[in-house]
Amino acid sequence: MGDRRDAVGSRRVTTSRARLDVHTCGGDARWRAACEAPQRWVVRRDGARVDAVHQLLGDGIFAGDAHRLRLTAAPGTHVTVLGLAATPLRPGARSAMATSITVAAGAFVLSLPGALIPQRGSDHASSLRADVADGGAAVLATVVAPGRTAMGERCAFARLRLRTWLRQAGRVAFAEDATLAGGPAARSLFDGFDVALTVFALGATPAADVDWWRELAPGGVTGGATRLRSGGAAFRALCPTLGRAQELLARLEDRLA
């Protein structure tokens with residue numbers, strides 16, 4: 001982990017890395033996990049399946065912080081990674097969180113992180129890169145709230161950049177680099193809803209069929225699924241509350257268990 005003083009010199013700014021590598025031996029999963037504070041893994045194995053919780057200890061991502069997360073799933077593995085808590089994005093200099101996922105043929109990865117909650121004046125960049133081999137599968141979610149609405153911070157962040165780059169069987173399946181500025185434009189995008197949810201489904205999974213999503217969303221959720229150009233599906237929705245978004249993700253996890 002690298003440390004440096006911020007411009008004011010009032011506290012340390014961190015750069016942390018976390019990695020989880022999953023493979024099989026004799027039909028059972030084996031895993032190697034490494035992390036630097038404030039990131040943390042809690043991992044459980046059951047046969048060829050690995051269930052992991054990824055945590056960012058402390059009170060969110062602070063100004064200038066940069067964190068990296070990498071996951072690799074070898075052939076024959078089934079990996080679920082959950083983020084149980086929302087992540088506050090603190091105000092000040094730009095912060096960043098970069099996630100990279102590699103899925104081999106015959107492997108499956110389900111990634112359901114906690115919501116990003118940008119606070120007033122925050123400037124954050126979040127990126128997701130995934131490479132899914134032919135014969136592999138992945139279902140990957142991103143969850144974003146417009147801020148701490150109960151504290152009058154709805155869309156009061158300075159800037160939120162969301163970068164997504166997905167490859168499937170060697171072809172680009174989806175690429176997007178979206179920067180959202182706080183204020184009226186962001187409020188219009190959320191349109192009175194409290195959570196924006198996106199789920200990508202790639203490869204050999206039922207979720208890659210757009211029709212699979214029709215009965216998934218609970219009441220009050222507005223959205224739908226569309227086909228990706230190289231196969232797979234993207235499901236996007238606006239949820240009235242974080243609780244409804246979590247209910248949708250719980251249904252998703254249950255159906256893909």
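Residues numbered from 1 in each chain as written. Predicted model: local features only at pLDDT ≥ 70, side-chain atom pairs only at ≥ 80, totals over all residues. Heavy atoms only, no water.

A. Main features of the pattern of salt bridges. Counted by the stated rule, this structure contains 15 salt bridges. Two residues, D51 and R49, come together in a salt bridge whose shortest N-O distance is 3.0 Å. Between D177 and R161 there is a salt bridge, with the nearest N and O atoms lying 2.5 Å from each other. Of this pair, D177 sits in strand β15 (residues 171–181) while R161 sits in strand β14 (residues 159–168), and the two are 16 residues apart along the sequence. Since its relative accessible area comes to 23%, R161 is described here as partly exposed. Overlapping salt bridges, with partners in common, bring together R44, R49 and D51 in one network. (Salt bridge = Lys/Arg side-chain N within 4 Å of Asp/Glu carboxyl O. Helix = DSSP H or I, 4+ residues; strand = E, 2+ residues; numbered from the N terminus. Buried < 20%, exposed > 50% of the residue type's maximum accessible area, 1.4 Å probe, protein only.)

B. Molecular detail of the packing of aromatic side chains. Considering all chains together, one arrives at three aromatic pairs under this definition. Note on F174 and F200: the rings are 4.6 Å apart at their centroids and 45 degrees apart in plane angle, and the pair reads as tilted. With F174 in strand β15 and F200 in strand β16 (residues 195–203), this residue pair connects regions lying 26 residues apart in the sequence. The residues F174 and F200 share a single accessibility class, namely buried. (Phe/Tyr/Trp six-rings, centres within 6.5 Å; stacked < 30°, edge-to-face > 60°.)

C. Geometry of the pairing of β14. When strand β12 (residues 123–132) meets β14, the two strands line up parallel, connected through 10 bridges. Bridging across to β14, L128 finds its partner in T164. Of the pairings in the sheet, the one linking β14 to β15 comprises 10 bridges and is antiparallel in character. The residue of β15 that forms the bridge with R161 is T179. Hairpin connection of β14 to β15: two residues between the antiparallel strands, including A169 at a positive phi of 55 degrees. (Pairing = 2+ DSSP bridges.)

D. Seen up close, the environment of S100. Summarising the element assignment, S100 is placed in strand β9 (residues 95–103). With residues near it in sequence (within four places) discarded, S100 still touches L69, R70, L71 and R129. (Contact = heavy atoms within 4.5 Å.)

E. Broad picture of unusual backbone geometry. Following A37, the chain continues to P38 via a peptide bond in cis, the omega torsion being 15 degrees. Within the element layout of this structure, P38 appears in the loop between β3 (28–35) and β4 (39–46). Phi at D191 takes a positive value of approximately 55 degrees, unusual for a residue other than glycine.

F. Spatial organisation of the confidence of the model for the chain. Per-residue confidence for the chain gives a mean pLDDT of 92, with 95% of residues at or over 70. Low confidence marks residues 1–10, where pLDDT is under 50. Its contacts with residues over four positions away, or in another chain, come to 22 contacts. (pLDDT = per-residue confidence, 0-100.)

G. Structural context of the pairing of strand β7 (residues 78–82). Summarising burial for β7: four of the five residues are buried, a large majority. Direction of pairing for strand β5 (residues 49–56) relative to β7: parallel, over a ladder of five bridges. Within β7, the position partnered with V53 by the bridge is L82. As paired elements, β7 and strand β10 (residues 108–112) share five bridges and run parallel to each other. Bridge pairing links H78 to F108 in β10.

H. Molecular detail of the nonpolar core. Counting 40 residues, the largest nonpolar core has W41, I101, V109, L140 and L166 as its most contacted members. Non-local contacts of V109, meaning those with residues more than four positions away in its chain, are made with L71, A73, V79, I101, V103, A137, A138, V139 and L140. Formed by 28 residues, the second largest nonpolar core is a distinct cluster that contains A115, L197, A201 and L216. (Core = buried A, V, L, I, M, F, W, Y, C linked by side-chain atoms within 4.5 Å.)

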